[in-house]
Structures are given as structure tokens and as C-alpha cells.
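Geometric and topological summary
Residue strings, one per chain:
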Amino acid sequence: MTIPALGFGTAAIMGRVSRRAGTAALERALAAGVRHFDTARSYGWGEAERVVGNALRKHRREDLRIVTKCGILPVRNTPLLGLAKSVARSLLAFAPGLKAQVRRVASSESFQPVRTYEIESLAGSLKTSLDELGVSYIDDLLLHNFSPERPGLEEVGAWFRDLQRSETIRRFGFSVEGDLLQGLEHLARKDLLADAVVQVPVSDALLALPREWRGVRFIAHSPFGFMRRQNDLGGQLTSLKALLPALGEACRCEALVCSMFGADHLTDNVTAWKSCS
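Remember, predicted model here, so these are calculated numbers, not experimental data.

In this structure, Phe160, Phe174 and Phe218 are the most contacted members of the largest nonpolar core, which totals 75 residues. Once residues within four sequence positions are removed from consideration, Phe174 is found in contact with Leu142, Leu143, Phe146, Leu153, Phe160, Leu187, Leu192, Ala196, Val197, Val198 and Gln199. Of all hydrophobic cores here, the second largest spans 6 residues; its members include Val67, Leu142, Val197 and Val257.

Have a look at this one:
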């Protein structure tokens, strides 16, 4: 059994978390020994990767594992968008009860990203990611929120393999947010699973993975929602100290990604992780 690495999830940076707070959290994570960082072109409405890249540039590239995603393009950054995000962060800081209202505005059509499998758009997204992160290669490039129903997957897979051959990426993979087994079966039929890494939320399905999928390489995320549900149902996996070895036993889980922007939260997570390693 291998205990998953602890990964830092950056989805909130330049959204509900400001540049300064995000940078401070990244630096705390690096100081604590975290080396796996998960981001995406669409995070922070397109601004998270630059914050991540600026923080990581101070550390040896070969010591880091940088995961980013393509396939969801952020809306165009404008002064109005920047102002709206700043106002939303201020509202949440002083009136947390307005969280639902802020979420409704953020989910409105004018703030929604564009989903695409079009290769030219994906290539432009990757170039921007490399520039924003300040790196010459990506460790894991994932197709963001992969859907079996969407056409064009074979072309994306061929493009991924071209990127591997050119050493622009080390590995490719797929972010699966829907039915896990359906997604795995579809990727296997397309001959895309053997070389891939699959990112999924922690779930009962992942922890009860059929033997035929035990060789698949996974990155898991969103453990705290799962642990809250476990607690409500009287389950046993209600702490990272219990969940990390359970993931290591159930599947080939390489990393568990958490959002850790509070200093105490980071300390608790790192302590649990190190106690299992």
C-alpha cells in the first residue's frame, strides 16, 4: 500500500481567495513539504495559474509536480470582472451569510467559461498555461471535466500523445466528475486509459473500485465533502488520517488534493499526511 501524496488545490485563487492570500497559502504549503500543485486554465477566471507560477518559481522545477487542465476556457478578463471579484471577496469577508447570493451571481451566464475539445483552442490554452506558470513542461495535463457523450475525444488523445513525444507534457489524463465506472469504461474502449492519469472526487465508487480498474492511476480530490457525508451516515472515514490509507488500499491513488488556504487547516492536513507516510 502506498499513501497518496498531499496535493494543494488552487481553484479558489483569484476567485474567493485574493492574490495575496493565495500566494501566502502556497508559500506555507511549500514550506510544509507539499510538492503536488493542482490548477487549471479556467481557475480564478483565468488568473490562478499566474499566481501559482509566481510562487513555484522560487523552487526547483524537478522537485514539483504541476497538474493543470485544458478544455474549459475562462471568460475574457476585463476591468469589470476584476471589480466584481474584488467586491464579492469583500462581501464574503464581512457578510458570510451572503455566500449563496454571491454564488448565484458567479454562476450567471456572463461569468461562465466555454467548454471545448477543439484542438486549436486546447493548444492555445496550453500555451497560455505554460506562460502563466513559467514552465517549459507540464507534469500532468488533464482534459477538464471529461464527458463520454462529447465527440472529439480521439483527436484530443492523439494531440496528448504528440505533446508527450515533444516532452511538452510528461503525462496526460482526464478529470472525471460524472459516473466513475462509465468514464473508465469509455476511456478504455478508446484505448486512452492505460497511459493516462484520472482525476476524480473521493467517492464510495473510488473506494470500492472493481479489481479490473485497480491498475489505473488516480488523483483524488474533494475529501472533506466526502468525510462530512461519512460523518452524517455514521461511517468511519471521517478524517484524513483514516482516508489516506483507505485510498492507498482501495486504488492506485497517487495524490489527494485539498484546498488548504487557512494556516491551521494546512497544518492539520500535513500532520495527518505525515503520520500516515
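There's more to say after this.
Here we take up the state of the cysteines. Taken as a whole, this structure holds 0 disulfides when the rule is applied. Unpaired in terms of disulfides, Cys251 finds its nearest cysteine sulfur in Cys253, a separation of 4.9 Å.

Take unusual backbone geometry next. If you check the backbone angles, Asp191 has positive phi at about 60 degrees while not being a glycine. Following the sequence through the fold, Asp191 ends up in the loop between helix H7 (180-189) and strand S8 (197-201). For Ser222, which is not glycine, the phi torsion reads 60 degrees and is therefore positive.

Centre-to-centre distance and the angle between the planes together describe a pair of aromatic rings. One pass over the full model with this rule turns up 7 aromatic pairs. Seen in terms of ring centroids, Phe8 and Phe37 are 6.1 Å apart; in terms of plane orientation they differ by 40 degrees. Their pairing is tilted. Pair noted here: Phe8 is in strand S1 (residues 5-9) and Phe37 is in strand S2 (residues 36-38), with a separation of 29 residues, a long-range link. We classify Phe37 as buried; its relative accessible area is 1%. Three or more aromatic residues joined by ring pairs make a cluster, and in this case those are Phe146, Trp159, Phe160, Phe172 and Phe174. Its end group placed over the ring of Tyr117, Arg150 keeps NZ or CZ at 5.2 Å from the ring centre. In this arrangement the basic side chain of Arg170 is found over the ring face of Tyr137, its NZ or CZ atom lying 3.7 Å from the centre.

To continue, consider the pairing of strand S7 (residues 169-175). Among the 7 residues that make up S7, 6 are buried, leaving the element largely enclosed by the rest of the structure. Pairing geometry for strand S6 (residues 138-143) and S7, over 5 bridges, is parallel. Looking at S7, one finds that Leu143 is bridged to Phe174. With helix H6 (residues 153-165) bridging S6 and the parallel S7, this β-α-β connection has right-handed handedness. In this structure, S7 lies alongside S8, joined through 3 bridges in parallel fashion. Bridged to Gly173 within S8 is Val197.

What counts and how
Counting starts from 1 at the beginning of each chain's written sequence and moves along it residue by residue. In view of the model being predicted, local features appear only for residues whose pLDDT reaches at least 70, and side-chain atom pairs are presented and counted only at 80 or more, with totals across whole chains, interfaces and linings using the full set of residues. Only heavy atoms go into the side-chain values, all of them from the structure, while hydrogens and water stay out. Put simply, a nonpolar core is a bunch of buried Ala, Val, Leu, Ile, Met, Phe, Trp, Tyr and Cys residues held in one set by side-chain atoms that sit within 4.5 Å of each other. Whether a residue is buried, partly exposed or exposed follows from its accessible area with a 1.4 Å probe, protein chains only, as a fraction of its type maximum: under 20%, in between, or over 50%, in that order. The contact criterion used is simple: two residues touch if any of their non-hydrogen atoms lie within 4.5 Å. Cysteine sulfur atoms that come within 2.5 Å of each other are treated as a disulfide pair. Per the convention used, a helix needs a DSSP run of H or I reaching at least four residues, while a strand needs a run of E reaching at least two, with both numbered from the N terminus. Side-chain rings of Phe, Tyr and Trp, where Trp is taken by its six-membered ring, are said to pair if the distance between their centres is within 6.5 Å; with planes under 30 degrees apart they count as stacked, over 60 as edge-to-face, and otherwise as tilted. Any Lys NZ or Arg CZ found within 6 Å of a ring centre and within 35 degrees of that ring's normal is scored as a charge over the ring. For two strands to count as paired, DSSP must find a minimum of two bridges between them. By the criterion used throughout, a crossover qualifies as right-handed when its path from the first strand across the helix to the second strand runs clockwise, the strands pointing away from the viewer.

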